[in-house]
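# Working through the structure, step by step
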Amino acid sequence: MKCNLFLVFILLALTACKQTSSNPNNKDMDRFVDQLMSQMTLEEKIGQMNQLAIGFDITGPILNEGVEEKIKAGSVGSVLGIYTPEATRKLQELAVKESRLGIPILFGYDVIHGHRTIFPLNLGLAASWDLDLIERTARIAADEASADGLHWTFSPMVDIARDPRWGRVSEGAGEDPYLGSLITRAYIKGYEQNDLSQNNTILSCIKHFALYGAAEAGRDYNTVDMSRIRMYNEYLPPYKAGADAGAATFMTSFNEIDGVPATGNHWLLTELLRDEWGYQGFVVTDYGAIREMISHGVGDEREVAELSFKAGVDMEMVSELFYQYGPELVKSGKISEKVINKACRRVLEAKYKLGLFDDPYRYCNEEEKAKRYFTAENLAVAKEAAIKSMVLLKNDNELLPLDSTKKIAFIGPQVKRKRDLIGSWSAAGDYNQAVSLWEALDSKFGANRFLYAEGCNLLEDTLLIRKLNGFGSKIERSEKSSQYLIQEALNIARRADVVVAVVGEAFSMTGEAASRSDIQLPENQRELLKALAQTGKPVVLVLMNGRPLVLQWENDHLNAILETWFGGTMTGPAIADVLFGDAVPSGKITMTYPRNLGQIPIYYNYKNTGRPIHEEQKYTSKYLDVPNTPLYPFGYGLSYTTFEYSDLTLETGHAPSVQEISINIKNTGKYTATETVQLYLRDKVASITRPVKELKAFQQIELQPGEEKTLTFEISENDLKFYNSDLEYRAEPGEFDVFIGGNSCDTKQATFTY
Ligand code: NOJ
């Protein structure tokens, strides 16, 4: 019986997929899924909603048991946490050959900023403002992941984040909804290519739905409470962009919304996502998130499972409560079988679109993998991405680029260390394959021409080291005392013309469950920097980190600062090129850098209040003890050259544009360089309060020294729209200020009427 059914099934599958392998036609898919589902028991349908964790690099506390037996029983729709053609083939064979209906498994994994070839962490990629580059990195990630047995990445993370204490700011695009939405689309395009039937495209996953980045006080997994106005205007746009772009899947978030955990929130998952946005893909929970609703305090195991079924979850990640309670919830009439049918159908549709019914092993090709990982082309893009993500935060007296004929001392724990270079969430990346700065200097110039000292340990705090080493940080403290290390560094620094200090966070100080209450550089690193500054030698600070840091002291006392994030596999060569002027930095930060911790949350698109900030007037909305501006504003980043911005020229636009705005940009310096020209709008009077500034457009231009170009921006009615207090998306007539500049603070301004 089993064998016959299996044959019938294979025949059906082959017929259906032959007709559809290039461009799946919904009717064929519907027919195929109808036929398949008509053979499925309730338990098997619920099985498709069950995702189990197995294998390596698991991110939560639970690992599932009895996975193989459950696969054979048809109780598993997806597996997360393993890759390689060999490992996935083994499980796929169990599903296809040994389960009653032979439905293939979907293999998911966190491919976040590259798979084998690792790109800079996502906040760094966002700082490139280069959508084509971001799409290319996602394309390469999908190509490598699909050659490694994977069908599905849990990326992009599109959560807007305004609190740099939150460790996961490193995984997102920063604080702006407009830029965040464009970047969301770029990732989806790179992963899916609008064609999942190709054998190197994978499902993307918009996460974490929703508002996960607004966790109170930046403490991961914490409570979120937010008005609908803020949600719709400021936090939801990137998720909506993902739904509109047809991302194959969504992931729920761990936080609550309006007192109901997102994973059990019917308003969020059904009324908003399905009814309002018309989303067609499937929704997976985050890791164990259904079970976690017990700790949230909204029910016991059975009740939280029921909540999630009813809310509109299609697949449960690891906590197996659907599997455990689903059948009895249906049989007792608590939930309708229709709910199960819808969810099961969506999961099967995703498998169909990937062509898995055609060939369940199409992603398990052992020969492909060798050809597609870590190619010269991929490494070239990794280097380009690392260069374009770097942000020059300070460069007094044109200290950078360095003159390689000078005596240069490289000092700091990150000069030679490799472990952190690929950052957190570096999937199947191997940090041993990453190139350190010292190795890059060696191959570029021969390292013996430079001076070196370790200067300090990466960290001194033993408790923190113990915690981080538990997550694979490999932080070791030198046998030399910290005083000795500093002394050694000073002796080296005194022999040099310029000091380059390379310091920062350990990779595991950012990412999931890596919130920090103090976002300065570690204390021992600051001591080293103070000692170096006192030598009177010019000091370049090269930073490796995964979030905006508090850098007020460094800004005041050091001569140049280069933010390099965790730059990925090609970190070293990219930094070496930028330091010595073979590449010109062009990155612009996408999160505000505060002056001190107390200013957080600080972001550029704030509201004015009735008592706008005024440093000199007492009763205004401000802090007394710090300038009421960021240290580095959103959109900020210097170049080795300088750009001059003309005044703005305004003309009435030709429909659909309502206003045309032109500006002339001139390269007034010595280097050919790229500038990201940003346009912000302010709606001066509206039915609800509006931000002082909102990014609405940007263009990147490359200019030779002395070259100038005129850029024209077209503002359409759509750019003026916002959600009003009835949550209608409307533009209101009136005056608008327009600002254009190289960052959100230094801008040329004009006004137009709509
Ligand atoms: C938990 C994280 O929040 C999520 O982003 C990730 O995709 C899953 N674990 C799976 O690893």
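Residues numbered from 1 in each chain as written. Predicted model: local features only at pLDDT ≥ 70, side-chain atom pairs only at ≥ 80, totals over all residues. Heavy atoms only, no water.

## Thoughts on the domain arrangement of the chain
Definition in use: Note: domain ranges come from an automatic or database domain assignment. The contact rule is simple, with two residues in contact once any of their heavy atoms fall within 4.5 Å. Simply put, the buried area is the total loss of 1.4 Å probe accessible area from both parts when two parts are fitted together. Between Lys or Arg on one side and Asp or Glu on the other, a salt bridge is scored when a side-chain nitrogen of the former is within 4 Å of a carboxyl oxygen of the latter. Counting of polar contacts relies on pairs of N or O atoms within 3.5 Å, with two restrictions inside protein: one atom must be capable of donating a hydrogen and the other of accepting it, and residues adjacent in sequence are counted only when both atoms are side-chain atoms. For this scheme, ten residues count as nonpolar: Ala, Val, Leu, Ile, Met, Phe, Trp, Tyr, Cys and Pro. Four count as charged, namely Asp, Glu, Lys and Arg, and the remainder, Gly too, count as polar.
Annotation of the chain at the domain level lists domain 1 (2–369), domain 2 (373–599) and domain 3 (643–753). Computed from C-alpha atoms alone, the centre-to-centre distance between domain 2 and domain 3 is 35 Å. Taken together, the 5 residues of domain 2 in the interface contact 9 residues of domain 3. Three residues stand out in domain 2 for area buried against domain 3, namely V584, S586 and K588, and they jointly supply 72% of the buried area on that side. The tally of links between domain 2 and domain 3 comes to 2 salt bridges. For K588, the salt bridge goes to E675, with nearest N and O atoms at 3.0 Å. At the junction of domain 2 with domain 3, the criterion picks out 3 residue pairs in polar contact (both at pLDDT 80 or more). In terms of residue class, the side of domain 2 that touches domain 3 is made up of 2 nonpolar, 1 polar and 2 charged.

## Things to note about the packing of aromatic side chains
What characterises a pair of aromatic rings is the spacing of the ring centres plus the angle enclosed by the ring planes. Which entries qualify depends on this criterion: Each aromatic pair joins two rings of Phe, Tyr and Trp (for Trp, the six-membered one) with centres within 6.5 Å, and gets the label stacked for planes under 30 degrees apart, edge-to-face for over 60, and tilted for any other angle. Secondary structure elements are defined from DSSP: runs of H or I of at least 4 residues count as helices, runs of E of at least 2 residues count as strands, and each element is numbered from the N terminus. Accessibility here uses a 1.4 Å probe with only protein chains present; expressed as a share of the type maximum, an area under 20% marks a residue as buried, one over 50% as exposed, and anything in between as partly exposed. The criterion is that NZ of a Lys, or CZ of an Arg, lies within 6 Å of the ring centre and within 35 degrees of the ring normal, and then a charge sits over that ring.
Inspection of the entire model under this criterion finds 31 aromatic pairs. Both rings, one in Y604 and one in Y680, keep their centres 5.5 Å apart while their planes meet at 70°; by these two values the pair is edge-to-face. Residue Y604 is found in the loop between α23 (571–579) and β17 (643–645), and its partner Y680 is found in strand β20 (residues 673–683); the two are separated by 76 residues along the sequence. This pair shows no difference in class: Y604 is buried, exactly as Y680 is. Taken together, the ring pairs in this structure connect F410, W438, F445, F450, Y452 and F580 into an aromatic cluster. Over the aromatic face of Y452 sits the side chain of K416, whose NZ or CZ is 3.9 Å from the ring centroid. One residue, K693, lies across the ring of F739, its end atom 4.6 Å from the ring centre.

## Examining the packing of helix α9 (residues 228–235) against helix α10 (residues 237–244)
Stated formally: Here the axes come from fitting lines to C-alpha atoms, over the contacting stretch only for helices, and the angles between their N-to-C directions go from 0 to 180 degrees. For classification purposes, angles smaller than 35 degrees are called roughly parallel, those larger than 145 roughly antiparallel, those between 65 and 115 roughly perpendicular, and all remaining angles oblique.
Interhelical geometry of α9 versus α10 gives an angle of 60° and a closest axis separation of 6 Å. One finds that α9 runs oblique with respect to α10. Contacts between α9 and α10 involve M231, Y232, N233, E234 and Y235 on the former and, on the latter, P237, P238 and Y239. Its residues assigned to classes, the contact of α9 with α10 shows 6 nonpolar, 1 polar and 1 charged.

## Quick notes on the nonpolar core
Spelled out, the test is: Only buried residues count toward a nonpolar core. Its members are Ala, Val, Leu, Ile, Met, Phe, Trp, Tyr and Cys residues joined through side-chain atoms within 4.5 Å.
One finds F410, I411, V540, L579 and I740 to be the most contacted residues of the largest nonpolar core, which totals 176 residues. In terms of residues, this core owes the most to one element, helix α7 (residues 131–146), which gives 7 residues. If we ignore the near neighbours within four places in the chain, the residues touching I740 are Y645, L648, I661, I663, V677, Q678, L679, F713, D746, T747 and K748. Counting 47 residues, the second-largest nonpolar core is a separate cluster that includes A247, F250, F309 and A311.

## Some words on the packing of helix α13 (residues 301–311) against helix α14 (residues 321–331)
In the contact formed by α13 and α14, the axes pass within 9 Å of each other and the chain directions differ by 85°. The orientation of α13 with respect to α14, classified from their angle, is roughly perpendicular. Of α14, the residues touching α13 (which contributes E301, R302, V304, A305, E306, S308 and F309) are L321, F322, Q324, Y325, G326, E328 and L329. Its residues assigned to classes, the contact of α13 with α14 shows 7 nonpolar, 3 polar and 4 charged.

## Digging into the environment of L94
Examined against the element boundaries, L94 turns out to sit in helix α5 (residues 85–98). Given the relative accessible area of 11%, L94 is considered buried. Taking the C-alpha atoms as reference points, L94 and K607, 513 residues apart in sequence, are found 57 Å from one another. With residues up to four places along the chain from it excluded, the contact list for L94 reads E68, I71, K72 and S99.

## Quick notes on the sheet that holds strand β16 (residues 560–563)
The condition is simple: What makes two strands pair is DSSP finding at least two bridges between them.
Strand order across the open sheet formed by 6 strands is β11-β16-β15-β14-β12-β13, with mixed pairing between neighbours. Strands at the two margins of the open sheet, each flanked by one partner only, are β11 (391–395) and β13 (451–453). Sheet twist, expressed as the mean angle between neighbouring strand axes with direction ignored, is 15°. Pairing of strand β12 (residues 408–411) with strand β14 (residues 498–504), which is carried by 4 bridges, proceeds in the parallel orientation. What sits directly across from F410, in β14, is V500.

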